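Chain residues, written in single-letter form:
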Amino acid sequence: QVQLVESGGGLVQAGGSLRLSCTASGRTWRTNAMGWFRQAPGKEREFVAGISWSGGGGYYADSVRGRFTISRDNAKNTLVLEMNSLKPEDTAIYYCASTLGVMSTSQRHYDYWGQGTQVAVSS
């Protein structure tokens with residue numbers, strides 16, 4: 001099993017930046033693909049960014065491409081989402097997730113989830 005804990009959320013003005021972290025415990029972490037999802041009030045949970053177990057380049061939703069960067073440090077069991085040029089529409093609870101399969105944009109393919117961290121962007 002894998003346990004995930006997010007941190008780094010907060011309140012920021014439009015145009016600002018935040019760095020979210022996800023710390024994992026468990027034996028399968030280093031071979032799991034990882035993803036970030038978010039859910040805003042009144043909206044469905046949506047894919048934000050994903051990365052394979054081996055790292056490298058990430059895959060991004062169109063809404064965040066060019067502004068967000070996903071990375072992982074397997075030695076530290078840490079997944080990171082660097083968010084720049086934040087917009088009010090980025091306001092949501094952000095969730096870290098892990099899948100035993102390949103990276104996917106669909107939340108139903110993920111096996112482990114964190115509790116979420118709140119990001120609020122003021123206009």
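In case you missed it, the structure is sitting above this.
Numbers given for residues are sequential positions, taken from 1 along each chain in its written order. The predicted origin of the model limits local features to residues at a pLDDT of at least 70 and limits the giving and counting of side-chain atom pairs to 80 or more, whereas totals for whole chains, interfaces and linings rest on all residues. Heavy atoms from the whole structure form the basis of all side-chain values; hydrogens and water molecules are not counted.

**Re the pairing of strand S5 (residues 46-51)**
The buried label applies to any residue whose accessible area, calculated with a 1.4 Å probe on protein chains only, is under 20% of its type's maximum; exposed applies above 50%, and partly exposed to all values in between. Strands here are runs of E lasting at least two residues and helices are runs of H or I lasting at least four, both read from the DSSP assignment and numbered beginning at the N terminus. Taking burial as the measure, the six residues of S5 include five buried ones, the bulk of the element. Two strands make a pair as long as DSSP finds a minimum of two bridges between them. Sheet topology note: the strand S4 (residues 33-39)/S5 ladder contains five bridges and is antiparallel. For Phe-37, the partnering residue across the bridge sits in S5 and is Phe-47. Hairpin remark: S4 followed by S5, antiparallel, with six residues in the connecting loop; positive phi at Gly-42, about 75 degrees.

**Considerations on the sheet that holds strand S1 (residues 3-7)**
On the basis of which strands lie adjacent, the open sheet formed by four strands has the order S1-S3-S8-S7 and antiparallel pairing. At either margin of the open sheet sits one strand with a lone partner, and together these are S1 and strand S7 (68-73). Ignoring which end each strand starts from, the neighbouring axes of this sheet average 15 degrees apart. The sheet contact formed by S1 and strand S3 (residues 18-25) spans five bridges and is antiparallel. Here an axis means a line fitted to C-alpha atoms, over the contact stretch when the element is a helix, while the angle between two N-to-C directions is reported on a 0 to 180 degree scale.

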